[in-house]
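# Analysis of the macromolecular model
Here's the letter readout for the chains.
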Amino acid sequence: MMRDYTLEYKKREISIFIATLIPLAVLAYHSNIELGSLGPFSLIAILVLVLILANYEIPIYKTRTIKPEHLMKNALLLEKIYGVPVLKELEIGTKRTFDTTVSLNLGGCILPLITLIYVLVSHHNTAILLITSLMIIAVFLGSEMVDGIGIVIPNYISLLAIPLALLVAPSSAAEAVYIASVSGILVGTLISAATFNREKKGSAYLSIGGAGSFIPIYVTFLISVILAFFM
């Protein structure tokens, strides 16, 4: 299943990430950057794959959420900010409620989760567990259910994990930032999606790792790879 995004938004987002990936790929070619058991070429390949798969969702279940009256007048503004075709999605469900699809994003959830498992195999300790717990709390407290979009996470939430990782796990800071931030974002988003008031807030889609949380996941990946260069 694909969730549509406005073309202008996707072009802007992709161009920024590609501009970051190009010098990162050059660094990876000349240096032995590693993140856990993943080498430089694997890391760049995964970063490219994450971008390619960002539009694809795996539906998990359906639920009903309210269709707020104010959403129609805010739809165009939300489309411009988040790149989601809110006006089109307002047609999903009945006049008063959304037939909401809860899904896992392939690029922003499934692939980062698989990568996390690979990294976790070689780096697991109580210090990383502590940072992960703090990140889950931070993401949950910092997240917001935005009508028509889904759960929105601050784009640079993973910056919080950097000083924590350097303090308690300096020898594996890159891995700690990746594990703690990705776990925090995914688990925090899940908790927020499960606990928001469906009688007051609603959206046609609730994507874990998609709209609202894809950018923080990708930024986390980029930060972790850059940190690995200095480790």
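Every value quoted in this text rests on a predicted model; they were computed, and no experiment measured them.

Helix and strand content of the protein chain: nine helices and five strands. Counting from the amino terminus, the protein chain carries its helices and strands in the arrangement α-α-β-α-α-β-α-α-β-β-α-α-β-α. Taken over the C-alpha trace, the protein chain has a radius of gyration of 18 Å; the compact-globule value for 231 residues is 17 Å, and the two agree within 12%. Out of the 231 residues belonging to the protein chain, those deemed buried represent 53%. Residue pairs in contact within the protein chain that sit at least 24 positions apart in sequence constitute 83% of those at least 6 positions apart. If you sum the accessible surface of the protein chain, you get close to 11000 Å²; carbon and sulfur atoms cover 68% of it. Positive and negative side-chain charges in the protein chain, numbering 15 and 14 respectively, have mean positions lying 8 Å apart.

Within an α-helix, residues lying three or four positions from one another point in the same direction, as the helix has 3.6 residues per turn. Look at helix α5 (residues 106-122): 24 Å from first C-alpha to last across 17 residues, which is about the 24 Å you get at 1.5 Å a residue. Of the residues making up α5, those classed as buried are Gly107, Gly108, Cys109, Leu111, Pro112, Thr115, Leu116 and Val119. A side-chain oxygen of the first residue of α5 lies 2.9 Å from the backbone nitrogen of glycine 107; this N-cap is asparagine 105.

Two packed helices can be described by the angle between their axes and the distance between those axes. Put simply, helix α6 (residues 126-142) and helix α8 (residues 173-195) touch, their axes get as near as 7 Å, and they point 40 degrees apart. Crossing of α6 over α8 shows right-handed handedness. Among the residues making up the contact of α6 with α8, the classes are represented as 12 nonpolar, eight polar and no charged.

Counting across every chain of the model gives four aromatic pairs. Three or more aromatic residues joined by ring pairs make a cluster, and in this case those are Phe17, Phe214 and Tyr218. Cation over ring: lysine 67 sits above phenylalanine 98, and NZ or CZ is 5.0 Å from the ring centre.

Glancing now at the side chain of glutamate 175. Within the secondary structure, glutamate 175 is located in helix α8. Look at glutamate 175 and you get buried, because its relative accessible area is 7%. Among the polar contacts made by the side chain of glutamate 175, one reaches the main-chain amide nitrogen of glycine 36 at a distance of 3.0 Å. Here glutamate 175 is in contact with Glu34, Leu35, Gly36, Val119 and His123, once residues within four sequence places are set aside.

What counts and how
- Residues numbered from 1 in each chain as written.
- Predicted model: local features only at pLDDT ≥ 70, side-chain atom pairs only at ≥ 80, totals over all residues.
- Heavy atoms only, no water.
- Helix = DSSP H or I, 4+ residues; strand = E, 2+ residues; numbered from the N terminus.
- Rg over C-alpha atoms; globule rule 2.2 N^0.38 Å.
- Buried < 20%, exposed > 50% of the residue type's maximum accessible area, 1.4 Å probe, protein only.
- Contact = heavy atoms within 4.5 Å.
- Areas by Shrake-Rupley, 256 points an atom, 1.4 Å probe, with all protein chains shown as cover.
- Lys, Arg positive; Asp, Glu negative; His and termini not counted.
- Charge placed at Lys NZ, Arg CZ, Asp CG, Glu CD.
- Expected span 1.5 Å × (residues − 1).
- Polar contact = N/O pair within 3.5 Å; in protein donor to acceptor, adjacent residues only side chain to side chain.
- Axes fitted to C-alpha atoms, helices over the stretch in contact; angles between N-to-C directions.
- Left-handed = near helix turned anticlockwise from the far one by under 90°.
- Nonpolar A, V, L, I, M, F, W, Y, C, P; charged D, E, K, R; others polar.
- Phe/Tyr/Trp six-rings, centres within 6.5 Å; stacked < 30°, edge-to-face > 60°.
- Lys NZ or Arg CZ within 6 Å of the ring centre and 35° of its normal.

Keep in mind that these numbers describe shape and distance, not what the molecule does.
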